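Each chain, written out:
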Amino acid sequence: MKYSLLTYKYFIDVVETQGFTPAAKRNFVSQTAISNAIKNLEKDLGVQLIDRSTSHFKVTLAGINLYHCAVPVLNKYYEFSEKISQLNNSFQTIRIHYLHAFNYWAVQLAQSLAKNNPGLLLQLDTENFATSIPKLDAGDYDVLIGFSTAVSKIKNIHVRKIGTANFGILLNQKAIDQKGRLKKEVIKKQPLFLQKWTATDNNDVQTKIKNILEKMNISYEQINYLDSFDAALSNVVLNYGMAIYPEELPLPKIYDEHVTFLPNLPKLKYDVVAIYKNPAIYNILEHSLSKK
């Protein structure tokens, strides 16, 4: 009989999330991968773990017993893994990847690490959200820069706040009249551009932005999702709509006469975090960030 810790993790997640699809989302794999893993586990053990004869999700008695046996084993393994990783707290190179548009905070972190850790080599690269956590989990890189909400429900992932993003609404200057007031009729006929990302909890800045705009009686034609803040900026420059945009990201000087931020918009602050799996990273981050 073959024992795969990953398969048992999938099973635990299926039980805890009450379904194959949410378990797949938690692990960033397909629903088919989860389903096949459970079927193979049932075949291996010779028992049925999930009752598929009902429309409601139901764990069999054997499944319940397995769950209670597997959870402490997995927890002990994670504890063991963390202890092993802490045997060597020295790093010659730290590979920092960041989600699109998080280069500002990635550079800030890299500068702090370099200043407080002479001789430490740093490698920076961009990362797509869809593959970011699986690649971090596989050890393809050491630190991911993104929003805390992106990983708020993922187990065995650590986060350390490194900064704050202040979001505003970027507009074309033509949407503002000579008195600095918003031409609501102009905006009403244009789309709102949002960055295409996934948050795993209800604290979504994009939802907050839409709610605030509604309270300010600012409507828009539709919502268009884009892959980057750069793309949103380009559309605003062309006066194709308004876009959510972090005020920390420097706007190119060439666009100074074309774009502006929506006045009187309440500031929306969002934590930017360093996401990592190896607990030994914590000491390096604390050593560097506490000396800013």
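Residues numbered from 1 in each chain as written. Predicted model: local features only at pLDDT ≥ 70, side-chain atom pairs only at ≥ 80, totals over all residues. Heavy atoms only, no water.

## Digging into helix α2 (residues 20-27)
At 3.6 residues per turn, the α-helix brings residues three or four places apart onto the same side.
Piece 1. All of the buried residues in α2 are F20, A23, A24 and N27. Axial view of α2: buried residues confined to an arc of 105°, hence all on one face.
Piece 2. Turning to α2, the residues buried within the fold contact α1 (5-17) and α3 (31-45).
Piece 3. Following α2 by one or two positions, F28 adopts a phi angle in the positive range, close to 60°. (Buried < 20%, exposed > 50% of the residue type's maximum accessible area, 1.4 Å probe, protein only. Helix = DSSP H or I, 4+ residues; strand = E, 2+ residues; numbered from the N terminus. Arc of directions from axis to C-beta. Contact = heavy atoms within 4.5 Å.)

## Points about the packing of aromatic side chains
Piece 1. Considering all chains together, one arrives at five aromatic pairs under this definition.
Piece 2. With a centroid separation of 5.2 Å and 85° between ring planes, the pair formed by Y104 and W105 is classed as edge-to-face.
Piece 3. Residue class for Y104 comes out partly exposed when judged on its relative accessible area of 31%. (Phe/Tyr/Trp six-rings, centres within 6.5 Å; stacked < 30°, edge-to-face > 60°.)

## Re the environment of Q48
Piece 1. Within the secondary structure, Q48 sits in the loop between α3 and α4 (61-85).
Piece 2. In terms of polar contacts, Q48 uses its side chain to reach the backbone carbonyl oxygen of I50, at 2.9 Å. (Polar contact = N/O pair within 3.5 Å; in protein donor to acceptor, adjacent residues only side chain to side chain.)

## Quick notes on the pattern of salt bridges
Piece 1. Taken as a whole and judged by the stated rule, the model has ten salt bridges.
Piece 2. Among the salt bridges present, the one from K135 reaches E127, with a minimum N-O distance of 3.1 Å.
Piece 3. By relative accessible area, which is 4% here, E127 ends up buried.
Piece 4. Close ionic contact of K277 with D137 constitutes a salt bridge, the shortest N to O distance being 2.7 Å. Here D137 lies in helix α6 (residues 129-137) and K277 lies in the loop between β9 (268-276) and α10 (280-289), a separation of 140 residues in the sequence.
Piece 5. A network of salt bridges, in which partner residues are shared, links K9, D13, E16 and R26. (Salt bridge = Lys/Arg side-chain N within 4 Å of Asp/Glu carboxyl O.)

## A short note on the pairing of strand β1 (residues 93-99)
Piece 1. Counted residue by residue, β1 has five buried out of seven residues, so it is predominantly covered.
Piece 2. One ladder, built from seven bridges, connects β1 with strand β2 (residues 121-127); its direction is parallel. Bridge pairing links I94 to L122 in β2.
Piece 3. Regarding topology, helix α5 (residues 103-116) serves as the crossover connection from β1 to the parallel β2, and that connection is right-handed. (Pairing = 2+ DSSP bridges. Right-handed = clockwise from strand over helix to strand, strands pointing away.)

## Section: the pairing of strand β3 (residues 143-147)
Piece 1. In terms of burial, β3 is a largely internal element, five of the five residues being buried.
Piece 2. Pairing analysis gives three bridges linking β1 to β3, with the strands arranged parallel. Looking at the pairing, I96 lines up with V143 of β3.
Piece 3. As judged from the five bridges shared by β3 and β9, these two strands associate in the antiparallel manner.

## Overview of a nonpolar patch on the surface
Piece 1. On the surface, L5, V73, Y77 and F80 cluster together into a nonpolar patch covering about 370 Å² of accessible area.
Piece 2. Counting residues per element, the nonpolar patch draws most heavily on α4, which supplies three residues.
Piece 3. Note on placement: L5 falls in helix α1. (Patch = residues over 30% accessible without salt bridge, like charges linked within 9 Å, V, L, I, M, F, W, Y side chains within 5 Å. Areas by Shrake-Rupley, 256 points an atom, 1.4 Å probe, with all protein chains shown as cover.)

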